[in-house]
Amino acid sequence: MMSKRLLAQTRRLPPRSSVRRSSSSSLHSKAAPATIAQLQVEMPDCNHRPVAYDGSSYEQILKTRRNHLTPNLLAHFKKPLVIHAGHMQWLYDHEGRRYLDMFGGIVTVSVGHCHPKVNQALSEQTAKLWHTTNIYMHPKIHEYAERLVAKFPGDLKSVCFVNSGSEANDLAMLMARLHTGNQDILSLRNCYHGMSPYTMGLTAHSTWRFPLPGVNNGLVHVMNPDPYQGIWGGSNCRDSPVQTTRECQCTAGCQAGDAYYNELEETFKYSLPRGKVAAMFAESIQGVGGTVQFPKGYLKRAAALVRANGGLFVADEVQTGFGRTGEHFWGFEGHDYVPDIVTMAKGIGNGFPLAAVVTTPEIAASLGQALHFNTYGGNPMASAVGIAVLDVIEEEQLQRNSLEVGTYFLKGLAELQQRFEIIGDVRGKGLMIGVELVGNREKRTPLATPHVLDIWEKCKDQGVLFGRGGLHGNVMSMRPPLCLCAEDVEFALETLEEAFRFHMSKSPRSWRNSTRMM
């Protein structure tokens, strides 16, 4: 295993003093790390001790899940975890094992599990008022609306609060069609925008599609501008500290970006009513699709094309918002354009059910054409939590931490890529990171599912919980709470290194001939 000192010397990472590090404060914990015999990687210390688990037995939970919960609730890992407590970047199972949460509840825990300031804000609000609906005015929604819209550029000053990302994108589709009077909406292949009946058609993954009539009504999926797996790509396409291994001859601009934009123009020429488009949706970085970044300048040009054809451009910030990409508070800012509508969820509430749609007053006025109501949207509890999350991001400089620790992580992963042929691509920005595992680097063939699962399980057994993304599930997804520190990154890197080494020693040749497996 490469030593921490050598890792720090070889990666040319930010100065140690500028990268968030752990401390002995009450925000960290000292519970027993999860370990297995084959892998011995030291887990960072912390002083927090969760309360002992006193719930149902593991067997009873499995029985209840099997008999009373719908089958779409799929659990990760061969032996699913029972998580009963969380604290900042750590999770604890029912047997007291501690895990580094590198997936953040699917990019939802932004400032840390059970952050004391957010907990306090919720506790104080529940002692005063839980719920009234918006037929009565209550102060928190108004305080929160002012705080939230202050984070946006231009005329993005009207907000409608809802409860989930699917609901936010569903509402954005409705607003775009009402405002423009047009029907057709575009999205990118490989995108994910939700699973409501409306947004299921917007999402472009066969794995997330039920065979229902009318799902694709008025929806067009266009070529995904993916510099790694797509038709075109190069060595300087992405806004990331790490680029693809593909070569290009670009001297000015981006030839891959130009080619993908030309394909988008072709869709407008042949597949849409001229000048009659309602909207185009795009994630700033595709999340469920495997942390896919687009060529620089693509979204800015796409937004201009959509507007020239009568439509609105919608930025889906469900995963990339609230400082996750580090350099900017919103992912779209890194693409140098201002959208007409912005949707957000997940990190907005640090795990509390809260989401929002932000747009201009002119577009928002479309909702006045008929009655439209959301029972829970922006209720006193949700608004109190949302305010506290904004406070913590600002007070603890978590956006800056995301940039510095994320860059530290990305460069460490790039160093691993040089030593392990199984790593085809490292990409991302801030703490929105993906590592694509391949069976053949030259052909960029996705690593077969059994091999991916083997590596994933080994990391879990050692105490690190990664997510998985991409159509083939071969992208290791890293979306930890923004309070992650340098020691945590080193632990995650060492865990990955040992998992790769262990897997390749166990099956040194079989993974190289991997074929795609669903």
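Cut-off values and rules
- Residues numbered from 1 in each chain as written.
- Predicted model: local features only at pLDDT ≥ 70, side-chain atom pairs only at ≥ 80, totals over all residues.
- Heavy atoms only, no water.
- Pairing = 2+ DSSP bridges.
- Helix = DSSP H or I, 4+ residues; strand = E, 2+ residues; numbered from the N terminus.
- Axes fitted to C-alpha atoms, helices over the stretch in contact; angles between N-to-C directions.
- pLDDT = per-residue confidence, 0-100.
- Contact = heavy atoms within 4.5 Å.
- 1 Å grid on protein atoms, 1.4 Å probe; cavity = no way out; pocket = protein on both sides within 12 Å on 5 of 7 lines; lining within 4 Å.
- Points joined across faces, edges and corners; volume = space filled by probe spheres on them.
- Nonpolar A, V, L, I, M, F, W, Y, C, P; charged D, E, K, R; others polar.
- Buried < 20%, exposed > 50% of the residue type's maximum accessible area, 1.4 Å probe, protein only.
- Expected span 1.5 Å × (residues − 1).
- Polar contact = N/O pair within 3.5 Å; in protein donor to acceptor, adjacent residues only side chain to side chain.
- Parallel < 35°, antiparallel > 145°, perpendicular 65-115°, else oblique.
- Left-handed = near helix turned anticlockwise from the far one by under 90°.
- Domains from an automatic or database assignment.

Novice: Sorry if this is basic, but what is going on with the sheet that holds strand β4 (residues 158-162) here?
Specialist: For sheets, the rule is that strands pair by backbone hydrogen bonds, running either parallel or antiparallel. Judged by pairing direction, the sheet is mixed, and its seven strands sit side by side in the order β4-β10-β9-β8-β7-β5-β6 without closing on themselves. Each edge of the sheet is formed by a strand with only one pairing partner; in this case those strands are β4 and β6 (219-222). Taken pair by pair, the neighbouring strands of this sheet meet at an average axis angle of 20°, ignoring direction. Note: strand β8 (residues 312-316) against strand β9 (residues 341-344), three bridges, orientation parallel. Looking at the pairing, Val314 lines up with Ile341 of β9.

Novice: How do you make sense of the sheet that holds strand β1 (residues 83-87) when you look at a structure like this?
Specialist: Taken in spatial order, the four strands line up as β1-β2-β3-β14 in an open sheet, and their pairing is mixed. Strands with a single pairing partner mark the edges of an open sheet, and in this sheet they are β1 and β14 (464-465). Relative to strand β2 (residues 90-93), β1 is paired through four bridges, and the arrangement is antiparallel. Among the inter-strand pairings, His87 is bridged to a residue of β2, identified as Trp90.

Novice: For this particular structure, what's the right way to read the confidence of the model for the protein chain?
Specialist: Atomic detail in the predicted coordinates should be set aside for any region of low pLDDT. With 90% of its residues at a pLDDT of 70 or more, the protein chain shows a mean pLDDT of 91. Low pLDDT, under 50, characterises residues 1-18; the stretch is placed with 35 contacts to residues that sit more than four places away or in other chains. The low-confidence segment residues 23-39, where pLDDT is below 50, has 57 contacts with residues more than four positions distant or belonging to other chains.

Novice: Would you mind going over the layout of surface pockets with me for this structure?
Specialist: Over the atoms rolls a probe the size of a water molecule, and in doing so it shows where empty space is left. Roughly 460 Å³ of volume is contained in the second largest pocket. Split into classes, the residues belonging to the lining of the second largest pocket amount to eight nonpolar, ten polar and five charged.

Novice: Can you walk me through the environment of Arg324 in this structure?
Specialist: Its location among the elements puts Arg324 in the loop between β8 and β9. Looking at Arg324, the relative accessible area reads 3%, which means it is buried.

Novice: How do you make sense of unusual backbone geometry when you look at a structure like this?
Specialist: Glycine aside, residues mostly have negative phi, and peptide bonds are mostly found in the trans state. The phi angle at Cys114 is positive, at roughly 50°, despite the residue not being glycine. A positive phi angle, close to 55°, is found at Thr291, a residue other than glycine. Checked against the element boundaries, Thr291 lands in the loop between β7 (277-283) and α8 (298-308).

Novice: I would appreciate a short explanation of helix α10 (residues 380-395) in the present structure.
Specialist: Since one α-helical turn is 3.6 residues long, residues separated by three or four positions face the same way. When the terminal C-alpha atoms of α10 are compared, their 22 Å separation across 16 residues agrees well with the 22 Å that a helix rising 1.5 Å per residue should span. Most of α10 is tucked away, with 14 of its 16 residues classed as buried. Two or three places before Met381, at the start of α10, stands the capping residue Asn379, its side-chain oxygen 3.0 Å from that residue's backbone nitrogen. Just downstream of α10 lies Gln397, where phi reads positive at about 50°.

Novice: Help me out: how do you make sense of the pairing of strand β10 (residues 355-359) in this one?
Specialist: On a regular strand, each side chain points to the face opposite its neighbour's, so the side chains alternate between the two faces of the sheet. The element β10 is largely enclosed, with a buried count of five among its five residues. Residues Ala355, Val357 and Thr359 of β10 are buried on one face, and the alternating residues Ala356 and Val358, pointing to the opposite face, are buried as well. Sheet topology note: the β4/β10 ladder contains five bridges and is antiparallel. Residue Ser158 lies in a different strand from β10, and its bridge partner there is Thr359. Note: β9 against β10, four bridges, orientation antiparallel. Within β10, the residue paired with Ile341 across the bridge is Thr359.

Novice: In this structure, what is going on with the side chain of Thr407? I would like to understand it.
Specialist: Looking at where Thr407 falls in the secondary structure, it is placed in helix α11 (residues 398-419). Relative accessible area serves as the criterion here: at 14%, Thr407 is assigned to the buried category. A distance of 2.7 Å separates a polar atom in the side chain of Thr407 from the backbone oxygen of Leu403.

Novice: Mind showing me how you'd approach the packing of α11 against helix α13 (residues 486-506) here?
Specialist: Two numbers describe a pair of packed helices, the interaxial angle and the distance between the axes. Contact pair α11 / α13: the axes reach a minimum separation of 10 Å and the direction vectors enclose 20°. Here α13 runs roughly parallel to α11, going by the angle between their axes. The hand of the α11/α13 crossing is right-handed. From α11, Val405, Tyr408, Phe409, Gly412, Leu413, Leu416 and Arg419 reach across to α13, where they touch Ala486, Val489, Glu490, Ala492, Leu493, Leu496, Glu497 and Arg501. Residue classes in the contact of α11 with α13 are distributed as ten nonpolar, one polar and four charged.

Novice: Whenever I open this one, the environment of Thr199 confuses me. Can you help?
Specialist: Tracing the chain through its elements places Thr199 in the loop between β5 (184-188) and β6. Taking relative accessible area as the criterion, Thr199 reaches 0% and is therefore assigned buried. Considered as a pair, Thr199 and Gly165 are 34 residues apart in the sequence and their alpha carbons are 9.9 Å apart. Contacts of Thr199, omitting those with residues within four sequence positions, involve Ser166, Asn169, Asp170, Met173, His193 and Gly194.

Novice: Quick question: what am I supposed to make of empty space enclosed by the protein here?
Specialist: According to the stated counting rule, one finds two cavities of 30 Å³ or more in the structure shown. Each pocket or cavity is described by its volume, and for the largest cavity that value is around 130 Å³. Classifying every residue of the lining of the largest cavity gives two nonpolar, seven polar and three charged. Of the pockets and cavities examined, the second largest cavity occupies roughly 60 Å³. Considering the residues around the second largest cavity, the lining is formed by Val107, Ser110, Glu317, Val318, Gln319, Gly321, Phe322, Arg324, Ala345, Gly347 and Leu482. Each residue belonging to the lining of the second largest cavity can be placed in one class, and the counts come to five nonpolar, four polar and two charged. Each of domain 1 (58-110 + 397-512) and domain 2 (116-396) accounts for three or more of the residues forming the lining of the second largest cavity.

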